[in-house]
Amino acid sequence: MMIGSRKDDHVRLAVEQLHGKDASNEFDDVTFVHHALAGIDRSDVSLRTTFGGIHWRTPLYINAMTGGSAGTGRINRDLAIAARETGVAVATGSLSAYLADESVADTYRVMREENPDGFIMANINATTSVDNARRAIDLLRADALQIHLNVIQETVMPEGDRSFSAWFRQIERITAAVDIPVIVKEVGFGLSRETVLSLRQVGVAAADVGGRGGTNFAIIENGRRDTADYSFLDGWGQSTAACLLDCGRIPDIPVLASGGIRHPLDIVRSLALGAAAVGASGRLLGTLVEQGPAALVARISTWLDQLAAVMTVLGARTPAECAHCDVLITGNLRSFCEARGIDLHGLATRRASVSRAAS
């Protein structure tokens, strides 16, 4: 079970990354302008979010992680239980192992068994055939299909793909052929504005920017290599905050945020930068592996409560209203914005613009 062994390696190396890692990332370059009289009543805050025809109880979701071995099957079971208990959506890890070997089906199917009424996303790669995309959907009775983009991971992975030119057209074929929403996501290196515009052309329901700052699959795959060090790619890509700013509310395609989400403030920052929902993986995986499923349920529940608390302070009644809040951009992120022509003054004075429009 070569793929199953690789999945176990990914979990081990991802958890190891959480230890001794510099906790800073470019979300720290995003701060809110504090308006002391902006606060509202907690009872007026709703966490419900709607995008691309999808309706979720919360803007937080458990993003794609794993599956394909006995150990990762247990992780998927516990992730599904946590999603069920907290009402968040959840994605499987890549179903490549199942599509290559049906004997590992239960390591993914357990997510639906434990979470029969939840919103579950099946995850595949961009080389998957239409027939296999349908198999993945059927296995999970999936509510949405994630297609992940991971050219840097594949490049560093010793056994990875080396041909990428057909990916875009295959995404187009899959999107046209399936009858559930398709979400295209990066795995930690970011989606540029140009990429998201391309995805809009082929009708995907949403784009998950999956930026730099969280689990780094270039480091993980380099750790699996015996030779040919690729550590020079460790810092490749755009941060999640940079991607959100770059996309700048592109019409007709919602943007989701994942990559480097450390706490509820990063969730609110993502919403303020235009995300319709926010996915977390590494921090939740670390909690589950090191403290157990009850601790994971407690962490997600606490995050949701704290998210609502910060929205109350900001005067945001819904996740979408977070995008009316004034934010200041500093540091390296400011330099990125200036190079890409992003209106920083407008971001810092949005509340006044909304007030004028309402009057």
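Read on for a plain summary of the structure. (Residues numbered from 1 in each chain as written. Predicted model: local features only at pLDDT ≥ 70, side-chain atom pairs only at ≥ 80, totals over all residues. Heavy atoms only, no water.)

1. Some points on the overall build of the protein
For the record, the criterion: Going along the chain from the N terminus, every DSSP run of H or I of four or more residues is numbered as a helix, and every run of E of two or more is numbered as a strand. Burial classes follow relative accessibility: with a 1.4 Å probe on protein chains only, a residue under 20% of its type's maximum area counts as buried, one over 50% as exposed, and anything between as partly exposed. We call two residues in contact when some of their heavy atoms are within 4.5 Å.
Regarding its fold elements, the protein presents 16 helices and 12 strands. Along the first, second and third principal axes, the C-alpha atoms of the protein reach 60 × 45 × 40 Å. Sorting the 359 residues of the protein into buried and exposed places 56% on the buried side. Residue pairs at least 24 apart in sequence account for 75% of intrachain contacts in the protein once pairs closer than 6 positions are excluded.

2. Thoughts on the pattern of salt bridges
Put simply, the test is: When a carboxyl oxygen of Asp or Glu is within 4 Å of a side-chain nitrogen of Lys or Arg, the pair counts as a salt bridge.
Counting across every chain of the model gives 17 salt bridges. The partner of Arg77 in a salt bridge is Asp78, with the nearest N and O atoms 3.1 Å apart. Overall, Arg77 belongs to the partly exposed group, its relative accessible area being 31%. Given the relative accessible area of 12%, Asp78 is considered buried. Two residues, Glu102 and Arg135, come together in a salt bridge whose shortest N-O distance is 2.9 Å. With Glu102 in the loop between α3 (96–100) and α4 (106–114) and Arg135 in helix α5 (residues 130–140), the pair connects residues that are 33 residues apart, well separated along the chain.

3. Some thoughts on the packing of aromatic side chains
The condition that has to hold: Each Phe, Tyr or Trp ring (for Trp, its six-membered ring) is paired with any other whose centre lies within 6.5 Å, and the angle between the two planes then decides the class: stacked below 30 degrees, edge-to-face above 60, tilted in between.
Tallied over the full model, the rule gives 5 aromatic pairs. Between Trp56 and Tyr61 the ring centres are 5.2 Å apart and the planes differ by 55°, which places this aromatic pair in the tilted class. There is no split in this pair, since Trp56 and Tyr61 are both buried. Relative to Phe119, the ring of Trp56 lies with its centre 5.4 Å away and its plane at 75°, an arrangement referred to as edge-to-face.

4. What about the nonpolar core?
The condition that has to hold: In this text, buried Ala, Val, Leu, Ile, Met, Phe, Trp, Tyr and Cys residues form a nonpolar core when linked through side-chain atoms within 4.5 Å.
If you look at the biggest cluster of nonpolar residues, it comprises 93 residues, and the most contacted ones within it are Ile62, Leu145, Ile147, Ile171, Ile300 and Ile329. Of all the elements, helix α13 (residues 293–314) adds the most residues to this core, at 8 residues. In terms of nonpolar packing, the next biggest core, distinct from the first, is built from 15 residues, Tyr61, Phe119, Ala144 and Ala276 among them.

5. What about the sheet that holds strand β5 (residues 89–94)?
Each strand in a sheet pairs with another by means of backbone hydrogen bonds, the pair being arranged parallel or else antiparallel. Convention followed: In this scheme, strands are said to pair when DSSP sees at least two bridges between them. Each axis is a line fitted through C-alpha atoms, and for a helix only the stretch in contact is used; angles between axes span 0 to 180 degrees, taken between their N-to-C directions.
Taken in spatial order, the 8 strands line up as β4-β5-β6-β7-β8-β9-β10-β11 and close into a barrel, and their pairing is parallel. On average, each strand axis in the sheet is tilted by 30° relative to the strand beside it, whichever way the strands run. Note that strand β4 (residues 60–62) and strand β11 (residues 278–280) share 3 bridges and pair parallel. Following the sheet pairing, Ile62 is matched in β11 by Ala280. The strands touched by helix α7 (residues 167–177) within the sheet are β6 (120–125), β7 (144–149) and β8 (182–186), with β7 carrying the most contacts at an inclination of about 180°.

6. Things to note about unusual backbone geometry
Its identity as a non-glycine residue notwithstanding, Arg141 has a phi of 45°, on the positive side. Given the relative accessible area of 54%, Arg141 is considered exposed.

7. Digging into the packing of helix α11 (residues 264–272) against α13
We apply this condition: Note on terminology: angles under 35 degrees are roughly parallel, angles over 145 are roughly antiparallel, angles of 65 to 115 are roughly perpendicular, and the others are oblique. We call a crossing left-handed when the near helix sits turned anticlockwise from the far one by less than a right angle, and right-handed when that turn is clockwise. Gly is put with the polar residues, along with every residue not named as nonpolar or charged; the nonpolar set is Ala, Val, Leu, Ile, Met, Phe, Trp, Tyr, Cys and Pro, and the charged set is Asp, Glu, Lys and Arg.
Between α11 and α13, whose axes approach to 9 Å, the crossing angle comes to 50°. The pairing of α11 with α13 is recorded here as oblique in orientation. Judged by the sense of rotation from one axis to the other, the crossing of α11 with α13 is right-handed. Residue-level inspection shows Pro264, Ile267, Val268 and Leu271 of α11 in contact with α13, the latter providing Trp303, Gln306, Leu307, Val310 and Leu314. Residues that form the contact of α11 with α13 fall into these classes: 8 nonpolar, 1 polar and no charged.

8. A word on the pairing of β8
Our working definition: Crossovers are described as right-handed under a simple rule: with the strands pointing away from the observer, the path leading from the first strand over the helix to the second runs clockwise.
The buried fraction of β8 is high, at 5 of 5 residues. On β8, burial covers both faces: Val182, Val184 and Glu186 on one face and Ile183 and Lys185 on the other are all buried. Bridge count for β7 against β8 is 5 bridges, and the pairing is parallel. The partner of Gln146 across the bridge, within β8, is Ile183. Where β8 and strand β9 (residues 206–208) come together, 3 bridges link them in parallel fashion. Residue Val184 lies in a different strand from β9, and its bridge partner there is Ala207. For the crossover that starts at β8, traverses helix α8 (residues 193–201) and ends in the parallel β9, the hand is right-handed.

Read these as spatial facts, not as claims about activity.
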